[in-house]
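# Observations on chain architecture
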Amino acid sequence: MSVISPTPSPVPLPTHRGCPFDPPEEYGELRRSRPISRLAFPDGKVGWLLTRYEDVRALLEDLRFSSDRRRASSPVRAFPIRDGDPRVPGSLIGMDPPEHTRYRRLVTRWFTVRRMRELAPRIERIVADHLDAMERAGPPVDLVETFARPIPSLVICELLGVPYAERADFQRWTATLFRLDEPKESVYAARDALWDYMRSLVAIKRQLPDDALLSQLIRGEDPSAGLTDQELTGLGQLLLIAGHETTANMLALGTFALLCHPEQARALRERPDVVDNAVEELLRYLTIVQFGVVRVAREDVEFAGVKVREGETVVASVAAANRDPERFPEPDDLDVTRSAAHHIAFGHGVHQCLGQQLARMEMRIGYPALLRRFPTLRLAVPADQVPLRDDMFIYGVHQLPVTWQE
Amino acid sequence: MRIRIDRGRCQGAGQCALHAPELFDQSDEDGMVVVLDDQPPPELRDKARLAEQLCPNSVIRVLEEEDG
Ligand code: HEM
Ligand code: SF4
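The shown structure was predicted, so the numbers you read here are calculated from the model rather than taken from an experiment.

### Re the state of the cysteines
Residues and elements named next belong to chain A. Considering all chains together, one arrives at 0 disulfides over all chains under this definition. In this model C157 remains outside any disulfide bridge; the closest cysteine sulfur is found in C353, 17 Å from its own. On the basis of relative accessibility, which here comes to 2%, the residue C157 falls in the buried class. For the unlinked cysteine C260, the closest cysteine sulfur is that of C19, found at 8.3 Å.

### Observations concerning unusual backbone geometry
Each neighbour pair has its own omega, and for P97(A) with P98(A) the value is 5°, a cis peptide bond. The omega torsion across P139(A) and P140(A) is -10°, close enough to zero to call that bond cis. Relative to the elements of secondary structure, P140(A) occurs in the loop between helix 4 (113-137) and strand 5 (141-142). Positive phi outside glycine occurs at A304(A), with the angle close to 45°. Position of A304(A) relative to the elements: it lies in the loop between strand 7 (301-303) and strand 8 (306-308). Within the chain, S58(B) stands out as a residue other than glycine whose phi angle is a positive 50°. Mapped onto the secondary structure, S58(B) falls in the loop between helix 2 (45-54) and strand 4 (60-63). Residue classification places S58(B) among the partly exposed residues on the basis of a relative accessible area of 32%.

### Quick word on the site of ligand 2
All names here are of chain B. Taken together, 13 residues lie around ligand 2, and C10, A13, G14, C16 and C55 are the ones closest in. In a pocket analysis with a 2 Å cut-off to the grid points, ligand 2 is assigned to the second largest cavity. Its residues assigned to classes, the shell around ligand 2 shows 8 nonpolar, 5 polar and no charged.

### Details of the pattern of salt bridges
Residue and element names in this part refer to chain A. One pass over the structure, following the stated rule, counts 32 salt bridges over all chains. The shortest N-O distance in the salt bridge between D276 and R364 comes to 3.1 Å. Highlighted residues: D276 in helix 13 (residues 275-286) and R364 in helix 15 (residues 356-373), separated in sequence by 88 residues.

How each quantity is defined
- Residues numbered from 1 in each chain as written.
- Chains lettered and ligands numbered in written order.
- Predicted model: local features only at pLDDT ≥ 70, side-chain atom pairs only at ≥ 80, totals over all residues.
- Heavy atoms only, no water.
- Disulfide = S-S within 2.5 Å.
- Buried < 20%, exposed > 50% of the residue type's maximum accessible area, 1.4 Å probe, protein only.
- Helix = DSSP H or I, 4+ residues; strand = E, 2+ residues; numbered from the N terminus.
- Near = heavy atom within 4 Å.
- 1 Å grid on protein atoms, 1.4 Å probe; cavity = no way out; pocket = protein on both sides within 12 Å on 5 of 7 lines; lining within 4 Å.
- Sits in = over half its atoms within 2 Å of the grid points.
- Nonpolar A, V, L, I, M, F, W, Y, C, P; charged D, E, K, R; others polar.
- Salt bridge = Lys/Arg side-chain N within 4 Å of Asp/Glu carboxyl O.

This is the structure:
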C-alpha cells in the first residue's frame with residue numbers, strides 16, 4: 001500500500017473562489033497531489049482535509065468518526081457553535097448512533113418520498129403565488145427576497161407549525177448563526193434566542209396543538225416516543241434552521257447559474273424530462289455546504305493510509321468530492337442532462353440529509369415554474385456584481401437582481 | 001435477482017424510494033425502507049442496482065441469481 005505523505009506544514013481551508021460557481025482552485029490541486037492533507041484550523045489545532053469522492057464517502061460511512069460538534073474544530077471559525085455547553089437534546093446532526101438513530105426514526109416519516117409527493121400541490125400553489133406577486137411588482141426584483149427565501153421558509157413553517165408571520169426574528173438569528181465573521185457573543189446570543197423561541201413554541205403547542213409536525217411529535221402516537229420539551233425544542237430548532245438556509249440558497253444560486261448558462265436554462269424550460277436530472281446536477285455543481293462536513297476521530301484510526309489521532313477533526317469536502325473527475329466526467333461543466341444522482345451534496349452515511357426529498361421537491365417545482373413564467377428572465381446587474389455568500393457557512397447569493405420583458 | 005435488506009441500518013434517506021419506486025417504499029410508521037418486490041422483473045433490475053449503489057448506508061444488497 002502506498003502511504004500518502006502528509007503536507008509538511010498544515011494549510012488553512014481554501015476559501016477564495018475565482019469563479020462564483022466553482023470551489024476554490026486549490027481543491028483541484030490538493031485532490032491530485034495530496035487528497036488527504038494536513039489542515040490548520042482557526043482555533044490553532046491541526047487535523048485533516050479530504051478532497052476525493054471515494055475518501056469522503058468512506059469517512060462518512062465510518063462510525064469510528066463522531067459527529068459531536070462540541071469536540072470538533074470548525075475549519076472557518078475559531079470557536080465551536082457549542083462550547084462546553086450540554087448536548088442539545090434531539091439535535092440529530094451532532095449525535096452518533098445509537099442515540100442518533102432513535103431521533104432519526106421518530107422524524108423521518110414526515111420527510112419520506114411519498115409524503116413529499118403529497119405535499120407537491122401545496123408547494124406548487126405557494127410557488128405560483130410568489131410568481132404572481134413578482135409579476136405584479138414588475139421588474140427589476142431581488143429574486144432572493146421575492147422567491148428563493150420566502151418559498152422554503154413558508155413550506156417549512158407550515159410543515160412544523162411555526163407561525164410564518166414571526167419569520168423576521170428567526171431568519172435573523174439563523175443568518176447570524178451562519179455568518180463567519182460574527183463575534184462569538186452574538187453567535188451565542190442568536191443561538192440562545194432561537195432556543196428560547198422554540199422552547200416557548202413547544203409550550204404553546206402543548207396547550208393548543210394543531211396538525212403539524214411539532215404537535216404530532218408531542219402527541220406521540222407511539223407512547224414510548226414521548227419526547228421531553230428539551231428534545232422537542234432541539235429537534236424543532238434544527239428543522240427550522242435547516243429548512244431555511246438550504247433550499248433558499250439552492251433556488252437563488254441555481255437560478256444565477258442557469259442565467260449564466262442560457263442553453264442549460266433553455267433545456268430546463270423546454271424539456272420536462274430533464275427536470276429531475278437538472279436538480280441533481282445543480283446540487284452537485286453548486287454544493288452549497290461549501291466548507292464541508294466535519295467529523296472527529298473517537299480513537300486513533302488508520303484511515304486511507306494515514307494515522308488520524310483521537311480527537312483530531314477531519315473535514316470532508318463534499319464540494320471537492322462532487323468535482324472529482326474520477327467520479328464525474330468533465331466535472332466542471334454544468335450539464336443538466338447528465339445523471340448526477342450519486343453526488344454527495346446531501347452528505348452520505350447515517351446523517352445523509354433528512355430534508356433531501358423536501359428540498360428536491362421545492363427545486364423541481366421552483367426552477368421550471370420560474371423559467372416558464374418569465375421566459376426572458378435575465379440578470380439586472382453584471383454577473384460580477386452579484387454579492388456572493390462566501391462569508392456564510394452555506395453558500396449562495398445575498399441578492400439576485402433580475403429583470404424581464406413585460 | 002433477489003433483493004435483501006438490512007433494515008436495522010436504514011436511516012430513511014429515501015434514495016431507494018426516489019429512484020426505484022416500483023421496488024421500494026418507506027413505512028408510514030418510521031420512514032424506513034419497505035421492499036415492495038424482492039424479485040424484480042428484468043426491466044427493473046437496473047433500478048434495483050442503482051438503489052443499491054445510492055443507498056448511503058449499505059442497506060440494500062442485490063443478489064444476482066440465474067433464475068428469473
Ligand atoms: C438543498 C438543500 C439542502 C442541502 C444541500 C442539505 C445538505 C445537508 C448535508 C450535507 C447534511 C449532512 C450533514 C452531516 O453529515 O454532518 C444534511 C443533514 C441534515 N439536513 Fe439537509 N440539506 C438541504 C436541505 C434540507 C432541508 C430543506 C431540511 C429540512 C428539514 C434539512 C434538514 C436536515 C437535517 C435535519 C439534517 C441532519 C440529519 C441527521 O443528522 O441525521 N436539510 N443536510
Ligand atoms: S436508500 Fe438506504 S437508507 Fe435510504 S431509505 Fe432506502 S434503504 Fe434506507
